[in-house]
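Observations on the three-dimensional arrangement
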Amino acid sequence: MASPKIFVFGSINGQLQAAFAKLAPLHKKNNFNLAIVTGNLFSEAQDDEQVNALLAGQIEVPVPTYFTVGTTALPARVIEKIESDEEIAPNLHYLGKRSVTQTSEGVRIVTLGGLLDPAIVGGLSKEQYLPFHTAGDAKLLIGAHKADILLTAIWPSEIWKNSPKATELGINAATGPSSPTIAELCAKIKPRYHLAMSPIDVCFEREPFFPETNEGKDEGQGIPITRFIALAPFGNPAKAKAMYAFNINREAILTPPTGSTLVPFFRSDAETKKRSADDAGFSRFDTGHHKERRRDRRRRERSPPPGPDRCFFCLSNPNFLSHMVSSIGEESFVATAKGPLTSSETFRDQGLPFPAHLIITPINHSPTLSASTMKGDESTRAFAEMNRWREAIQGMFASKSNKKLGAVTWEISRARNIHIHWQMLPVPTEMVSKGLVEAGFRVLAEDLKLPAFEASPREFKTADEVDNVDYFRVWTWAEDEEADKIVGQVLFMKLPEDAYFDLQYPRKVMAKLLGLENRLRWQDVVQTEQEETEDVKALREAFKDWDFS
């Protein structure tokens, strides 16, 4: 794949016509894949005439252009467009204030717009448009793990340290707003480029920097180099650089570039070799999960929606419960269930002193694991990693219980789902080896007059392999020590389109099998946040030898 060509603006500050008119001939000559606006696309005292022209499609945006909220609020009419899932203008895309986005060229952009709001000690932003973020927003995005581009409105604290260029330009802590939470985010995800607005008429292109150690990385991946660039405002009277272009180079860097320095930020606690939601906050995980829609070059592209901000499995949900996440991978994550069927006492004697009712969820917001609802090979990548989580957790259950526990995992795949996920529970090995779990599902299905289970077409992966029908699938698994073999089944049930299906059916089966009918309704067994946090901590400790994240 060719290296994507990217064009960057400093704050445009409402000069929409002039900025995009400047970009048009440059794009014609260089054929950029995308453009990014740092800081403020609009100004505080925005010219209504230019906003009207933009919304009417009278200002041509020549290349797909991405922006976030800077230090001023977005115009009300622009917010209305975004909230109603309407196109702002052809080729103009709002990234959201807090998001992880992957463009059709594979460019991964982690975004955090706005200024740090010191009045909010904890928690996440409750909206996506005001020019303020919280420390929790920044910590949440650490779950992205990596980025080609980190886009922020303000600078990371101490970015000027050990920088001859900063000294030459007189840049220091008084230059403009900066934040240690942005510094931590940059240090953790190690973007190739960190782009931010310059609050003054100066362009600060810092010397490249790299971490002191690169533990846990394969040698072939090279040294993670970050380039911080803060462009001056577009059209500034000092004529300081306000535009920039570069290619994303993904080749491994084995030797630091001449003039580069160690990371300038404060040293936080030693990084662990394994990522966890302690670092990530967790992102069930976002607006971007907004991956950019595939562009049809023969027609105008609609702007991506502002994000599934009401989905309980997505980062963009302002009420997202990040403390319930245990592990985060590249394509999916593991979290504990709200109102778990099992309690911390259910399998304590077998070595699991926590509920172990788990949720495995793809990061991308999609109703099914299917190429029809995901882009490219996202569905197969998500399945592969989710299956890897499933197998790792099965191994943990078996090891911690001396093979007395196996596992049951189920999937409800329907086109009208909100966000596909798998649920997983430990179960006594004997119930699997004697076929009791399978019988439990079959008997209750018959009682509820559900469709009969069919022979699984094969150990299929995504919904595409079964013609994208709605279905219910169950995996049972255990290590039978007496028989000295792995035992289990895959059960498969086609669901009639638009027919009623009791989403609590699998929980009812397991409640009956485990004698936990008194915990059938999850709403009746919701734990306190402290209890949930303690359970996640215990899960992480038990799972650490199997956690591949």
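These figures come from a predicted structure and were not determined experimentally. (Residues numbered from 1 in each chain as written. Predicted model: local features only at pLDDT ≥ 70, side-chain atom pairs only at ≥ 80, totals over all residues. Heavy atoms only, no water.)

Things to note about the overall build of the protein chain
- In terms of helices and strands, the protein chain carries 12 helices and 25 strands.
- Looking at the protein chain as a whole, 56% of its 549 residues are labelled buried.
- Of all intrachain contacts in the protein chain linking residues separated by at least 6 positions in sequence, the fraction that spans at least 24 positions is 76%.
- Within the structure as shown, the protein chain displays about 24000 Å² of accessible surface, and the carbon and sulfur contribution to it stands at 49%. (Helix = DSSP H or I, 4+ residues; strand = E, 2+ residues; numbered from the N terminus. Buried < 20%, exposed > 50% of the residue type's maximum accessible area, 1.4 Å probe, protein only. Contact = heavy atoms within 4.5 Å. Areas by Shrake-Rupley, 256 points an atom, 1.4 Å probe, with all protein chains shown as cover.)

Digging into the packing of helix α10 (residues 436-447) against helix α11 (residues 505-514)
- Relative orientation of the contacting elements α10 and α11 amounts to 125°, with a least axis distance of 9 Å. Classified by the interaxial angle, the pair formed by α10 and α11 is oblique. The chirality of how α10 crosses α11 is right-handed. Every residue of α11 that contacts α10 at L436, V437, G440, F441, L444 and A445 is listed here: Y505, P506, K508, V509, M510 and L513.
- Class assignment for the residues of the contact of α10 with α11 results in 10 nonpolar, 1 polar and 1 charged. (Axes fitted to C-alpha atoms, helices over the stretch in contact; angles between N-to-C directions. Parallel < 35°, antiparallel > 145°, perpendicular 65-115°, else oblique. Left-handed = near helix turned anticlockwise from the far one by under 90°. Nonpolar A, V, L, I, M, F, W, Y, C, P; charged D, E, K, R; others polar.)

Notes on the pattern of salt bridges
- The tally for this structure, following the rule as stated, stands at 19 salt bridges.
- Close ionic contact of R192 with D148 constitutes a salt bridge, the shortest N to O distance being 2.8 Å. With R192 in the loop between α6 (180-189) and β12 (193-197) and D148 in the loop between α4 (135-141) and β9 (149-152), this residue pair connects regions lying 44 residues apart in the sequence.
- In this structure, D377 engages R381 in a salt bridge whose closest nitrogen and oxygen atoms are separated by 2.3 Å. (Salt bridge = Lys/Arg side-chain N within 4 Å of Asp/Glu carboxyl O.)

Points about the sheet that holds β9
- Here we have 6 strands laid out as an open sheet, ordered β5-β6-β9-β12-β15-β13, and mixed in their pairing. What marks the edges here is a single partner per strand, and that holds for β5 (98-102) and β13 (204-205).
- Relative to β9, strand β6 (residues 108-112) runs parallel, the two being bridged by 4 bridges. Among the inter-strand pairings, L112 is bridged to a residue of β9, identified as T152.
- Across the sheet, α6 lies against β6, β9 and β12, angled at about 175° from β9, the strand it touches most. (Pairing = 2+ DSSP bridges.)

Re the nonpolar core
- The biggest cluster of nonpolar side chains holds 54 residues, and the ones touching the most others in it are I393, M396, F441, F472, M493, Y505 and M510.
- It is helix α8 (residues 378-400) that contributes the most residues to this core, 8 residues altogether.
- Look past the residues within four positions of I393 in its chain and what remains in contact with it is V334, L358, I360, M424 and F543.
- Counting residues in each nonpolar core, the second largest holds 31 residues, with L55, F67, V69 and I88 among its members. (Core = buried A, V, L, I, M, F, W, Y, C linked by side-chain atoms within 4.5 Å.)

Considering the packing of aromatic side chains
- On inspection of all chains with the given rule, the structure shows 26 aromatic pairs.
- When the ring of Y471 is compared with that of F492, the centres are 5.7 Å apart and the planes differ by 40°; the resulting orientation is tilted. Separated by 21 residues along the polypeptide, Y471 in strand β23 (residues 470-480) and F492 in strand β25 (residues 490-495) bring together distant segments of the chain. Exposure class is identical for Y471 and F492. Each is buried.
- Sitting over the face of the ring of F460, R473 holds its NZ or CZ atom 3.9 Å from the ring centroid. (Phe/Tyr/Trp six-rings, centres within 6.5 Å; stacked < 30°, edge-to-face > 60°. Lys NZ or Arg CZ within 6 Å of the ring centre and 35° of its normal.)

Description of the side chain of T175
- Secondary-structure assignment places T175 in the loop between α5 (164-169) and β11 (178-179).
- When residues no more than four places from it in sequence are discounted, the contact partners of T175 are W155, G170, P199 and I200.

Points about unusual backbone geometry
- Even without being a glycine, N13 presents a positive backbone phi close to 55°.
- Residue N13 is classed as partly exposed on the basis of its relative accessible area, which comes to 30%.
- The residue K190 is not glycine, and still its phi comes out positive at about 50°.
- By the secondary structure assignment, K190 is in the loop between α6 and β12.

Observations regarding the packing of helix α2 (residues 48-55) against helix α3 (residues 76-83)
- Viewed as axis vectors pointing N to C, α2 and α3 meet at an angle of 20°, and their least axial separation amounts to 10 Å. In this view, α2 runs roughly parallel relative to α3, as classed from their interaxial angle. Across the interface between the two elements, V51, N52 and L55 of α2 pack against R77, V78 and K81 of α3.
- Partitioning the contact of α2 with α3 into residue classes produces 3 nonpolar, 1 polar and 2 charged.

Regarding the sheet that holds strand β4 (residues 92-94)
- Across the sheet, which stays open at both edges, the 5 strands sit in the order β4-β3-β2-β1-β16 with mixed pairing between neighbours. On the outer flanks of this sheet lie β4 and β16 (243-247), each paired with one strand and no other. Across the sheet, the axes of successive neighbouring strands diverge by a mean angle of 25°, strand direction being ignored.

What about the environment of S3?
- For S3, the location among the structural elements is in the segment before β1 (5-9).
- Sequence separation between S3 and G106 is 103 residues; the distance between their C-alpha atoms is 9.9 Å.
- With sequence-adjacent residues up to four places away left out, S3 is seen in contact with N33, N247, I248 and N249.

Comments concerning α10
- With 12 residues, α10 should reach 16 Å at 1.5 Å per residue; the first-to-last C-alpha distance of 16 Å fits that figure.
- Buried within α10 are the following residues: V437, G440, F441 and A445. Within α10, the buried residues cover an arc of 125° as seen down the axis, which keeps them to one side. The outward face of α10, more than 90 degrees from its buried face, is lined by the exposed residues E446 and D447.
- After α10 finishes, the residue K449 shows a positive phi value of roughly 60°. (Expected span 1.5 Å × (residues − 1). Arc of directions from axis to C-beta.)

Let's talk about the confidence of the model for the protein chain
- For the protein chain, per-residue confidence averages 86 on the pLDDT scale, and residues scoring 70 or more make up 87% of the total.
- Low pLDDT (under 50) marks residues 215-219, which in the prediction has 3 contacts with non-local residues, meaning those over four places away or in another chain.
- Low pLDDT, under 50, characterises residues 268-308; the stretch is placed with 147 contacts to residues that sit more than four places away or in other chains. (pLDDT = per-residue confidence, 0-100.)

Quick word on the pairing of β6
- Among the 5 residues of β6, 5 are classified as buried, and the element is accordingly described as predominantly covered.
- The two faces of β6 match: R108, V110 and L112 on one face and I109 and T111 on the other face are all buried.
- Here β5 pairs with β6 via 5 bridges, running antiparallel. Bridge pairing links Q102 to R108 in β6.
- Where β5 folds back on β6, the antiparallel hairpin that results is connected by 5 residues, among which G106 adopts a positive phi of roughly 85°.

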